[in-house]
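# Per-entry structural report
Residue-level listing of the chains:
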Amino acid sequence: MILDFGSQYVQLIARRIREQNVHSVVLPCTAKIEEIRAQNPVGIVLSGGPCSVYDADAPPADPAILEMGLPVLGICYGLQFITHHLGGRVRSAVKREYGPADVEVIDTANPLFAELPASLHVWMSHGDEALDLPQGFHLTARTSNAVAGMANPERRIWAVQFHPEVHHTQQGTALLRNFVFNICHASPDWTPEHFIHSTVAAIREKVGTGHALCALSGGVDSSVAAVLVHRAIGDHLTCVFVNNGVLRKNEFEKVQQNLRDKLGLKLVAVDASKRFLLKLRGVTDPEGKRKIIGNEFIAVFDDEANRIAEETGGVEWLVQGTLYPDVIESSPVKGPSQTIKSHHNVGGLPEDMTLQLIEPLRDLFKDEVRRIGRDLGMPEDILQRQPFPGPGLAVRIVGEVTADRVALIQDADEIVVSEIKKAGLYQQIWQSFAVLLPVKSVGVMGDQRTYAYTCAIRAVHSEDGMTADWVPLPYEVLKTISSRIVNEVRGINRVVYDITSKPPGTIEWE
Ligand code: XMP
């Protein structure tokens, strides 16, 4: 169990532990002792965090977590939290340490440092440091000027000032492994198979003979969630897939083939494209488009939900493909952020819906979800699909969304994606797509004057969509894409390449 004090690395701690096939989950540091106990942890990691223990807004964790009798590992702020609450002294460091540092292990017999060299090359990122250790603690490691580790084995508490979870700390994974296995005695049984087995059993027990609904987008997360729930309750799960008129070329058919025909899901496919396009008529404002599509989606889904509830005699559950990164966005330690865009996805369903949620992927990261999907026998083209926004091509058509413009961008987009796949780059790139601009320019084709639209190509690398770098696609790939679009898509006569990173740009144009 990892308690999140607001560290940017908390996800990494969880994943490093899961890489050892040990189940690990993260709770906000404000979690109540009963909530922590309810998860049956074999050990607790206190993460780093941006605050000082003396800040008025220091994360308010319950110091009783140190008295639960479970092994505790404090990392960075976690070490300071332990020091502060057990009677030691923390101070603002004379010399702040950010970046690489050398650590000398003093207590080489300590199980946390088992089989590690006495000199470690680590990553530090802290302003405060422990000055006096709490009673009963001894120094286990130090840098040239500060405490780098301490422990009180009787109380089963260990702490390090550096970050073992980051790649730059050589031996960091070995240290976490020591904590997990030598100290917590965790069992390495968290494999995709195990996860599937226990999740399916838990869903079966929870839902019983009830009925569940799932709004599918055709993307990785909602599809894997649906397949898992389908394993548990079979046709008591009905999936709804809505054609909002701004899907990619042939996507409405492809998703049905994949999910209904290949995976055997009970799928209701609703072609509501006319309804969406009618509502979008004349709208050019990006937020206006997003809101219309979000609201219309809810209206369509609501109609279907009512119809399905009548047919099945009632629906009690709603399946969502929420992932761990979506969950921490709402962590209490995070401050309020400005709305740049109103995101809409299949999770944005009406609040007054009286359905209970099933979120089987809540603790996982995208690549873990892909691993699970693979074990469930799902096709690679679903699992490797690049993210696609809820409002679809509407936010890739600058200006008014019309059926003609949708057709143009669908054709251009298909060329971009197929050429990038052909070049073997699709899986290395976070997203690659075409954008239709409302800019017409003059061209010449076969001695004929043309006056047609401009298409922008966008390809970005990103970890999580929060920041992104534009990808320097090989000239040959750009050349083929440009030439194919201008030659094959009647209505586009100019292609430009978007070389803006995020920030200051965003990934989608609207
Ligand atoms: P931006 O354009 O904000 O996009 O830099 C960041 C990531 O989010 C995706 N995106 C969305 N995903 N619903 C979604 O599910 C949305 O409304 C939405 N808008 C943007 C975008 O494709 C990129 O991966």
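Above this text you will find the structure in question.
Each value, and the rule that gives it
- Residues numbered from 1 in each chain as written.
- Predicted model: local features only at pLDDT ≥ 70, side-chain atom pairs only at ≥ 80, totals over all residues.
- Heavy atoms only, no water.
- Buried < 20%, exposed > 50% of the residue type's maximum accessible area, 1.4 Å probe, protein only.
- Helix = DSSP H or I, 4+ residues; strand = E, 2+ residues; numbered from the N terminus.
- Contact = heavy atoms within 4.5 Å.
- Pairing = 2+ DSSP bridges.
- Axes fitted to C-alpha atoms, helices over the stretch in contact; angles between N-to-C directions.
- Parallel < 35°, antiparallel > 145°, perpendicular 65-115°, else oblique.
- Left-handed = near helix turned anticlockwise from the far one by under 90°.
- Nonpolar A, V, L, I, M, F, W, Y, C, P; charged D, E, K, R; others polar.
- Core = buried A, V, L, I, M, F, W, Y, C linked by side-chain atoms within 4.5 Å.
- Domains from an automatic or database assignment.
- Expected span 1.5 Å × (residues − 1).
- Salt bridge = Lys/Arg side-chain N within 4 Å of Asp/Glu carboxyl O.
- Phe/Tyr/Trp six-rings, centres within 6.5 Å; stacked < 30°, edge-to-face > 60°.
- Lys NZ or Arg CZ within 6 Å of the ring centre and 35° of its normal.

## Observations concerning helix α3 (residues 77-85)
Within α3, 7 of the 9 residues are buried, leaving the element largely enclosed by the surrounding structure. By the burial criterion, the buried members of α3 are Tyr77, Gly78, Leu79, Gln80, Phe81, Ile82 and Thr83. Where the residues of α3 are buried, they touch β3 (44-46), β4 (72-75), β5 (89-105), β6 (119-132), β8 (147-152) and β9 (157-160). Positive phi shows up at glycine 87, right after α3, with a value of about 95 degrees.

## What about unusual backbone geometry?
The step from lysine 502 to proline 503 runs through a cis peptide bond, and the omega angle for that step is -15 degrees. Structurally, proline 503 is set in the segment after β18 (492-497). Residue proline 504 is reached from proline 503 by a cis peptide bond, and omega for that bond is 10 degrees. For proline 504, the position within the fold is in the segment after β18. Not every positive phi belongs to a glycine, and asparagine 21 is a case in point at roughly 60 degrees. The residue asparagine 21 is located in the loop between α1 (10-18) and β2 (26-28) in this model.

## Here's the deal with the sheet that holds strand β1 (residues 2-4)
Pairing in this open sheet of 9 strands is mixed, and the strands run β2-β1-β3-β4-β9-β8-β7-β5-β6 from one edge to the other. Across the chains shown, the open sheet's two edge strands, defined by having one partner strand only, are β2 and β6. Looking at each pair of strands side by side, their axes are set apart by 25 degrees on average, direction ignored. Bridge count for β8 against β9 is 4 bridges, and the pairing is antiparallel. Bridge pairing links asparagine 152 to isoleucine 157 in β9. Running at roughly 170 degrees to β1, α1 makes contact with β1, β2, β3 and β4 of the sheet. Packing of α3 onto the sheet brings it into contact with β3, β4, β5, β6, β8 and β9, and relative to β4 it is tilted by some 115 degrees.

## Thoughts on the pairing of strand β10 (residues 212-216)
Taken residue by residue, a regular strand's side chains alternate between the two faces of the sheet. Within β10, 5 of the 5 residues are buried, which leaves the element mostly enclosed by the surrounding structure. Alternating positions in β10 separate into two faces, Ala212, Cys214 and Leu216 on one and Leu213 and Ala215 on the other, with burial throughout. Strand direction decides the pairing type here: β10 and strand β11 (residues 237-243), joined by 5 bridges, are parallel. Bridging from a neighbouring strand, cysteine 214 pairs with cysteine 239 of β11.

## Side note on the packing of helix α13 (residues 403-422) against helix α14 (residues 475-488)
For the pair α13 and α14, interaxial distance at closest approach is 10 Å and the crossing angle is 150 degrees. Between α13 and α14, the interaxial angle falls into the category roughly antiparallel. Classified by chirality, the crossing of α14 by α13 is right-handed. Between α13 and α14, the contacting residues are Ala412, Ile415, Val416, Ser418, Glu419 and Ile420 on the first element and Val477, Thr480, Ile481, Arg484, Ile485 and Glu488 on the second. Across the contact of α13 with α14, the residue classes tally to 7 nonpolar, 2 polar and 3 charged.

## Quick look at the pairing of strand β12 (residues 267-271)
Summarising the sheet, β11 and β12 pair through 5 bridges and their orientation is parallel. Considered in β12, the bridge of valine 242 is made with valine 270.

## A closer look at the nonpolar core
In terms of nonpolar packing, the biggest core is built from 52 residues, with Leu213, Val401, Ile420, Leu473, Ile485 and Ile492 touching the most fellow members. With 8 residues, the single largest contributor to this core is α13. If you count residues domain by domain, this core takes at least three from each of domain 2 (192-383) and domain 3 (402-497). Not counting residues within four places of it along the chain, the set of residues in contact with isoleucine 420 comprises Leu425, Tyr426, Ile429, Ser432, Leu473, Val477 and Ile481. In this structure, Ile203, Val220, Val229 and Leu383 belong to the second largest nonpolar core, which totals 40 residues.

## Section: helix α5 (residues 192-207)
A rise of 1.5 Å per residue sets the reference length of α5, with its 16 residues, at 22 Å; its end C-alpha atoms lie 22 Å apart and thus fit the reference within 8%. Two residues or fewer past α5, glycine 208 is found with a positive phi of approximately 55 degrees.

## Thoughts on the pattern of salt bridges
The full count for this structure, using the stated rule, is 27 salt bridges. In this structure, glutamate 368 and arginine 18 form a salt bridge, with 2.6 Å as the shortest nitrogen-oxygen distance. Of this pair, glutamate 368 sits in helix α11 (residues 366-375) while arginine 18 sits in helix α1, placing them 350 residues apart in sequence. A relative accessible area of 7% means that glutamate 368 is categorised as buried. Looking at arginine 18, the relative accessible area reads 2%, which means it is buried. Between aspartate 221 and lysine 366 there is a salt bridge, with the nearest N and O atoms lying 3.3 Å from each other. Residue aspartate 221 is found in helix α6 (residues 220-233), and its partner lysine 366 is found in helix α11; the two are separated by 145 residues along the sequence. On the basis of relative accessibility, which here comes to 26%, the residue lysine 366 falls in the partly exposed class. One network of salt bridges, with partners in common, ties together Arg15, Arg16, Glu19 and Asp367.

## A look at the environment of alanine 456
Here alanine 456 lies in strand β16 (residues 448-461). As for alanine 456 and tyrosine 9, which are separated by 447 residues in sequence, their C-alpha atoms are 35 Å apart. If we ignore the near neighbours within four places in the chain, the residues touching alanine 456 are Phe433, Ala434, Val435, Leu437, Val496 and Trp509.

## Side note on the packing of aromatic side chains
All chains considered together, the criterion is met by 6 aromatic pairs. Seen from their ring centres, phenylalanine 5 and tyrosine 77 are 5.3 Å apart, and the 40 degrees between their planes marks the pair as tilted. Linking phenylalanine 5 in the loop between β1 and α1 with tyrosine 77 in helix α3, this pair joins segments that are 72 residues apart in sequence. No difference in accessibility class separates phenylalanine 5 from tyrosine 77, as the two residues are buried. Connected via pairs of aromatic rings, a cluster forms that spans Phe5, Tyr77 and Phe81. Lying over the aromatic face of phenylalanine 388, arginine 248 brings its terminal NZ or CZ to 4.0 Å of the ring centre.

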